[in-house]
Amino acid sequence: MTDVELIKMAFKARENSYSPYSNYKVGAALLAKSGKVYLGANIENCAYGPSNCAERSAIFSALSNGEREFEKLAIVGTSDDICYPCGVCRQVIAELLPTADIICAKDENKYEVHKIGDLLPHAFSPKDVECARK
Ligand code: THU
């Protein structure tokens, strides 16, 4: 699957955004190594804190369905420029998608492909927790 095809699927996912508080819709499409694509949208809540980003919706759906290895993740927002993952999503991506291509898109014509190591250098990692338990 091409980057552009995955971006188009992220736009499809964005249609299911539940974002009455921010009115900022985000869509994500995650391609697993199995070949399956998992979609995610941002889901907000009136208490704000329980809200979930599109990327984490897609990632948690994939893991919940047994996936553990991933090729690429496409993200689209609503602003008139590229949508990058928030800090919390970067931390989740660092642990669960350490080698995947992260496609940060405005649309099919304007996007950037990054590795999470570039978006979140020196991430806190499972290794740190293991060290503390020794
Ligand atoms: N949002 C995402 O879904 N992903 C991001 O990486 C950035 C922010 C959502 C959270 C909230 O529902 C809305 O965008 C505005 O912040």
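Quick notes on the rules
- Each chain carries its own residue numbering, running from 1 in the written order of its sequence.
- Owing to the predicted nature of the model, reporting of local features is limited to residues with pLDDT of at least 70; listing and counting of side-chain atom pairs is limited to 80 or more, with chain, interface and lining totals taken over all residues.
- To obtain the side-chain values, all non-hydrogen atoms of the structure were included, while hydrogens and water were left out.
- Comment: elements are numbered from the N terminus, with helices defined as DSSP H or I runs of at least four residues and strands as E runs of at least two.
- Accessibility here uses a 1.4 Å probe with only protein chains present; expressed as a share of the type maximum, an area under 20% marks a residue as buried, one over 50% as exposed, and anything in between as partly exposed.
- As used throughout, the charge tally considers Lys and Arg to be positive and Asp and Glu to be negative, leaving His and the chain termini uncounted.
- Every case where a carboxyl oxygen of Asp or Glu lies within 4 Å of a side-chain nitrogen of Lys or Arg is listed as a salt bridge.
- Between N or O atoms, a polar contact is any pair within 3.5 Å; within protein, one atom must be a potential hydrogen donor and the other a potential acceptor, and residues adjacent in sequence are included only when both atoms are from side chains.
- Contact criterion: two residues are considered in contact whenever any of their non-hydrogen atoms come within 4.5 Å of each other.
- It suffices for a single heavy atom of a residue to lie within 4 Å of a molecule or strand for the residue to be listed as near it.
- The Shrake-Rupley method, run with a 1.4 Å probe, gives the accessible areas here. Residue values count only the displayed protein chains as cover.
- Gly is placed with the polar residues, together with every amino acid not listed as nonpolar (Ala, Val, Leu, Ile, Met, Phe, Trp, Tyr, Cys and Pro) or charged (Asp, Glu, Lys and Arg).
- When DSSP finds two or more bridges between two strands, those strands count as paired.

Caption draft 1: The side chain of E44, seen in detail. Within the secondary structure layout, E44 lies in the loop between β2 (37-41) and α2 (54-64). K25 is the oppositely charged side chain nearest to the buried, salt-bridge-free E44, at an N-O distance of 9.4 Å. Among the polar contacts listed, one links the side chain of E44 to the side chain of S22, at a separation of 2.6 Å. Leave out the neighbours within four places in its chain, and E44 touches Y18, S19, P20, Y21, S22 and S51.

Caption draft 2: Summary view of the site of the ligand. All residues adjacent to the ligand are S22, Y24, V26, N42, E44, C53, A54, E55, Y84, P85 and C86. C86 places a polar main-chain atom, nitrogen or oxygen, 2.9 Å from an oxygen atom of the ligand. Burial of the ligand by the surrounding chains reaches 76%, relative to a free accessible area of 380 Å². Among the residues making up the shell around the ligand, the classes are represented as 7 nonpolar, 2 polar and 2 charged.

Caption draft 3: Geometry of the side chain of D107. Mapped onto the secondary structure, D107 falls in the loop between β4 (101-105) and β5 (111-114). At a separation of 3.2 Å, a polar atom in the side chain of D107 contacts the side chain of K106. Of note is the side chain of D107, whose polar atom sits 2.9 Å from the backbone nitrogen of K110. Residues within four places of D107 in sequence aside, it is in contact with I7 and F11.

Caption draft 4: Main features of the pairing of β5. For β4 and β5, the ladder comprises 4 bridges, and the chain directions are antiparallel. Across the sheet, residue I102 finds its bridge partner in β5, namely H114. Where β4 folds back on β5, the antiparallel hairpin that results is connected by 5 residues.

Caption draft 5: Examining the pattern of salt bridges more closely. Using the criterion set out here, one finds 5 salt bridges in the structure. Where K12 meets E15, a salt bridge forms, and the shortest distance between an N and an O atom there is 3.4 Å. Taking the shortest distance from any N to any O, the salt bridge between K115 and D101 comes out at 2.8 Å. Linking K115 in the loop between β5 and α4 (116-119) with D101 in strand β4, this pair joins segments that are 14 residues apart in sequence. Overall, the relative accessible area of 38% leaves K115 in the partly exposed class. D101 sits in the partly exposed class, given a relative accessible area of 24%.

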